[in-house]
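# What the coordinates show
What follows is the residue order along each chain.
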Amino acid sequence: MASSIILTGLGLAAVGFAGKHVMRRMPAMTTKFNEAMKNLPKFDAESLANSKYYKGGFEPKMTKREASLILGVSPSASKTKVKDAHKKIMLLNHPDRGGSPYLAAKINEAKDFMDNAK
C-alpha cells in the first residue's frame, strides 16, 4: 500500500517536471514550427495544373479523345496498339483483382469505341 503511494507520488513529480520543461521550451518550439511550415512546398492551382495527369471526369458520351486518354494511346493508334494497351490497363484495373467495375467498364467502352472508330 505504501509503495503504491510512493510510486504514484514519483509519477506525479515526473509529470510535473516534464510539463515544466515543455512549458519553458514552448516559445522556441513554436518559432521553429512556424519556420518549418513556411518552408514546406506550396501546392497551388498552378502547380497542379501542370501535372501530367488529366484533370476532370468522364464525358457523358465517349469521344475518340477520351478513349485515347483512357487507354493511353494516340487517337490514330493501330488496332494492335489499342488491343495491347487495353490488355495492359485491364490487368491493372480488373474487378477480380480489386479494381473498380466502373473503371473496367469505361476501359472496355474505350476499346470498343477505338475499334469501331476505324
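Here the structure is a predicted model, which is why all the values come from computation and not from measurement. (Residues numbered from 1 in each chain as written. Predicted model: local features only at pLDDT ≥ 70, side-chain atom pairs only at ≥ 80, totals over all residues. Heavy atoms only, no water.)

### Considering the overall build of the chain
Counting secondary structure elements, the chain contains five helices and zero strands. Ordered by position from the N terminus, the helices and strands of the chain form the series α-α-α-α-α. Looking at the chain as a whole, 17% of its 118 residues are labelled buried. Residue pairs in contact within the chain that sit at least 24 positions apart in sequence constitute 51% of those at least 6 positions apart. (Helix = DSSP H or I, 4+ residues; strand = E, 2+ residues; numbered from the N terminus. Buried < 20%, exposed > 50% of the residue type's maximum accessible area, 1.4 Å probe, protein only. Contact = heavy atoms within 4.5 Å.)

### What to know about a nonpolar patch on the surface
A contiguous nonpolar patch, built from Val22, Met23, Met26 and Met29 and spanning about 370 Å² of accessible area, is present on the exposed surface. The class for Met29 is partly exposed, based on a relative accessible area of 40%. (Patch = residues over 30% accessible without salt bridge, like charges linked within 9 Å, V, L, I, M, F, W, Y side chains within 5 Å. Areas by Shrake-Rupley, 256 points an atom, 1.4 Å probe, with all protein chains shown as cover. Salt bridge = Lys/Arg side-chain N within 4 Å of Asp/Glu carboxyl O.)

### Overview of the packing of helix 4 (residues 79-93) against helix 5 (residues 101-116)
Where helix 4 contacts helix 5, the two axes come as close as 10 Å, and the packing angle between them is 175 degrees. With respect to helix 5, the axis of helix 4 lies roughly antiparallel. Along its contact with helix 4, which presents Lys79, Val82, His86, Ile89, Met90 and Asn93, the element helix 5 presents Ala104, Ile107, Asn108, Lys111, Met114 and Asp115. (Axes fitted to C-alpha atoms, helices over the stretch in contact; angles between N-to-C directions. Parallel < 35°, antiparallel > 145°, perpendicular 65-115°, else oblique.)

### Some details on the pattern of salt bridges
Taken as a whole, this structure holds two salt bridges when the rule is applied. Linking Lys106 and Glu109 is a salt bridge whose minimum nitrogen-to-oxygen distance equals 3.4 Å. Taken together, the residues span about one helical turn, with Lys106 and Glu109 both in helix 5 at a distance of three residues. Since its relative accessible area comes to 33%, Glu109 is described here as partly exposed. Between Asp115 and Lys111 there is a salt bridge, and its shortest N-O distance comes to 3.0 Å.

### Structural notes on the packing of aromatic side chains
Each aromatic ring pair is summarised here by two numbers: the centre-to-centre distance and the angle between the ring planes. Scanning all chains against the criterion turns up one aromatic pair. Considering the side-chain rings of Phe58 and Tyr102, the 5.7 Å spacing of their centres and the 70 degrees angle between planes classify their relative orientation as edge-to-face. Within this pair, whereas Phe58 is found in the loop between helix 2 (45-49) and helix 3 (64-71), its partner Tyr102 is found in helix 5, the two being separated by 44 residues in sequence. (Phe/Tyr/Trp six-rings, centres within 6.5 Å; stacked < 30°, edge-to-face > 60°.)

### A few points about the nonpolar core
Leu71, Val73, Val82, Ile107, Ala110 and Met114 are the most contacted members of the largest nonpolar core, which has 14 residues in total. Counting residues per element, the ones that place at least two in this core are helix 3, helix 4 and helix 5. For Val82, the contacting residues outside a window of four places in its chain are Leu71, Val73, Ala77, Lys111, Met114 and Asp115. (Core = buried A, V, L, I, M, F, W, Y, C linked by side-chain atoms within 4.5 Å.)

### Some thoughts on the UniProt feature "signal peptide" (unreviewed entry) in the chain
As recorded in UniProt, the sites labelled "signal peptide" (unreviewed entry) are residues 1-18. Overall, residues 1-18 shows 94% helix and 0% strand. The separation of its end C-alpha atoms is 26 Å. (UniProt positions renumbered as here; feature names shortened; annotations may be inferred.)

### Some words on helix 1 (residues 2-39)
Here helix 1 spans 53 Å end to end across 38 residues, near enough to the 56 Å set by a 1.5 Å rise per residue. At Met26, helix 1 shows its maximal kink, close to 50 degrees; a proline, Pro27, follows between one and four residues later. (Expected span 1.5 Å × (residues − 1). Bend = angle between axes of the 7 residues up to and from the residue.)

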